[in-house]
Amino acid sequence: MSAGFDKNVQLSPLMEDVGFGFASGGSVTMEPRKGNLRPWFHRLPNTKSVVVYAGMPNYGLEKISDYIELNRSKVKSMPTVVSVAVIADKSTKDEFGPVVPEEYIIRDVKKAVSYIVENSLASVIEINISCPNAGKEPFIYADTLESLLSELDSVERNVPFWIKMPHLYDLKQFDSLLKVIVEHNIRGVTVANLIKDRGKVDLKDPLTDDIRGGLSGEPTRTHSLELIGYTYKNYGDKLTVIGVGGVFRPKTHTLRLRQGLV
Ligand SMILES: Cc1cc2nc3c(=O)[nH]c(=O)nc-3n(C[C@H](O)[C@H](O)[C@H](O)COP(=O)(O)O)c2cc1C
């Protein structure tokens, strides 16, 4: 189960009992976040999609660590994957206003990641680089991602790190991120996040521009699969590839397995 269902990492034993191999909890931040003004979600029933505009709400890592500790003895063998949002903490945002300089976002992410490592809260840390900050996603470019990962390389780690990839239609840009990733201490990539470019989606429901957010579900399936295939073919020897997007039933997943994609 991909990140966003269990925002505060409270449900690990349940996810294991239901039968998931693993679930990515979060995305979390060091400080608590209230998220965006509601509504956060908008259903597109005919498109089989949900528009997501939550803004990374979570209780913050100190509180979340209590849930992880509480559940530790109840989880049998499922790894605990914790997704960290690449976004500035509230105190940093208050200091700078809507556009926070990238170095301060990196500082806050490093704080969150170090806290998880030092307190042994996760079996895997997934870094979610496709978080909006003032409407844009500052770390989906090779140069800014390079700065982020260079800084994270100095975190002494006892668990693998993965990167949650943005759902990019520009394959050159997507590849430039993978090129940066394999140069750093990153073991896997989760492909891919919500679709931000609505022009690429065959909408079967009305959706006006005032309803903000990225699209999940069926519209992600075909292109996610292309991105997964591309990543596996070109970087499969260097990275574990975790496939995400538009999985509605076991059959969809089995098909991917047969194609050797996951
Ligand atoms: C309600 C909801 C909340 C989400 N929140 C997050 C999140 O916090 N972090 C993240 O990396 N992805 C988040 N996502 C994106 C999913 O993890 C996934 O990448 C995307 O929805 C495509 O997969 P799907 O078709 O299975 O929904 C969210 C998706 C949904 C539907």
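Residue positions are counted from 1 within each chain, in the order its sequence is given. Predicted model: local features are reported for residues with pLDDT of at least 70 only, side-chain atom pairs are reported and counted for 80 or more only, and whole-chain, interface and lining totals are derived from all residues. Excluding hydrogens and water, the side-chain figures rest on all heavy atoms present in the structure.

**Points about the sheet that holds strand β8 (residues 214–215)**
Piece 1. Spatial strand order, β2-β3-β8: three strands in an open sheet with antiparallel pairing. The outermost strands of the open sheet, each flanked by one partner alone, are β2 (41–44) and β8.
Piece 2. Strands qualify as paired when DSSP identifies two bridges or more between them. For the purposes of this entry, the term helix denotes a DSSP run of H or I that reaches at least four residues, the term strand denotes a run of E that reaches at least two, and both are numbered from the N terminus. Sheet topology places strand β3 (residues 49–52) next to β8; two bridges connect them, and they run antiparallel. Residue pairing across strands places V51 opposite L215, the latter belonging to β8.

**A few points about the site of the ligand**
Piece 1. Working definition: residue near molecule or strand if any one of its non-hydrogen atoms lies within 4 Å of it. Around the ligand lies a shell of 19 residues, among which S2, A3, S27, G217 and G246 are the nearest.
Piece 2. N or O atoms closer than or at 3.5 Å make up a polar contact, with two conditions inside protein: a donor-capable atom paired with an acceptor-capable one, and, for residues adjacent in sequence, both atoms drawn from side chains. In the environment of the ligand, an oxygen atom lies 2.6 Å from a nitrogen or oxygen atom belonging to the side chain of S2.
Piece 3. A distance of 2.9 Å is found between an oxygen atom of the ligand and a backbone nitrogen or oxygen belonging to G217.
Piece 4. For the ligand, whose free accessible area comes to 600 Å², the fraction covered by protein is 85%.
Piece 5. When residue character is reported, Ala, Val, Leu, Ile, Met, Phe, Trp, Tyr, Cys and Pro are called nonpolar, Asp, Glu, Lys and Arg charged, and the others, Gly included, polar. Across the shell around the ligand, the residue classes tally to six nonpolar, 11 polar and two charged. Accessibility throughout is a Shrake-Rupley quantity obtained with a 1.4 Å probe, and a residue counts as covered only by protein chains that appear here.

**Concerning unusual backbone geometry**
Piece 1. Cis rather than trans, the peptide bond between G26 and S27 has omega equal to 10°.
Piece 2. Structurally, S27 is set in strand β1 (residues 23–28).
Piece 3. Between R38 and the following residue, P39, the backbone shows a cis peptide bond with an omega angle of 5°.
Piece 4. Mapped onto the secondary structure, P39 falls in the loop between β1 and β2.
Piece 5. Despite not being glycine, V9 has its phi angle at roughly 50°, a positive value.
Piece 6. Among the secondary structure elements, V9 is positioned in the segment before α1 (12–18).
Piece 7. Classification of V9 as buried rests on a relative accessible area of 2%.
Piece 8. Phi is positive for K48, which is not a glycine, with a value near 55°.
Piece 9. With respect to the element layout, K48 can be found in the loop between β2 and β3. Here the term buried applies to any residue with accessible area under 20% of the maximum for its type, exposed to any over 50%, and partly exposed to those in between, with areas from a 1.4 Å probe on protein chains only.

**Structural notes on the pattern of salt bridges**
Piece 1. Criterion for a salt bridge: a side-chain nitrogen of Lys or Arg within 4 Å of a carboxyl oxygen of Asp or Glu. Applying the stated criterion across every chain yields a total of 11 salt bridges.
Piece 2. K76 serves as the salt-bridge partner of D17, at 3.1 Å between the closest nitrogen and oxygen. Separated by 59 residues along the polypeptide, D17 in helix α1 and K76 in the loop between α2 (61–72) and β4 (80–85) bring together distant segments of the chain.
Piece 3. The class of D17 is exposed, set by a relative accessible area of 56%.
Piece 4. One salt bridge connects E69 with R72, and the closest N-O pair in it is separated by 3.0 Å. Taken together, the residues E69 and R72, both in helix α2 and three residues apart, mark about one turn of the helix.
Piece 5. Residue E69 is classed as partly exposed on the basis of its relative accessible area, which comes to 43%.

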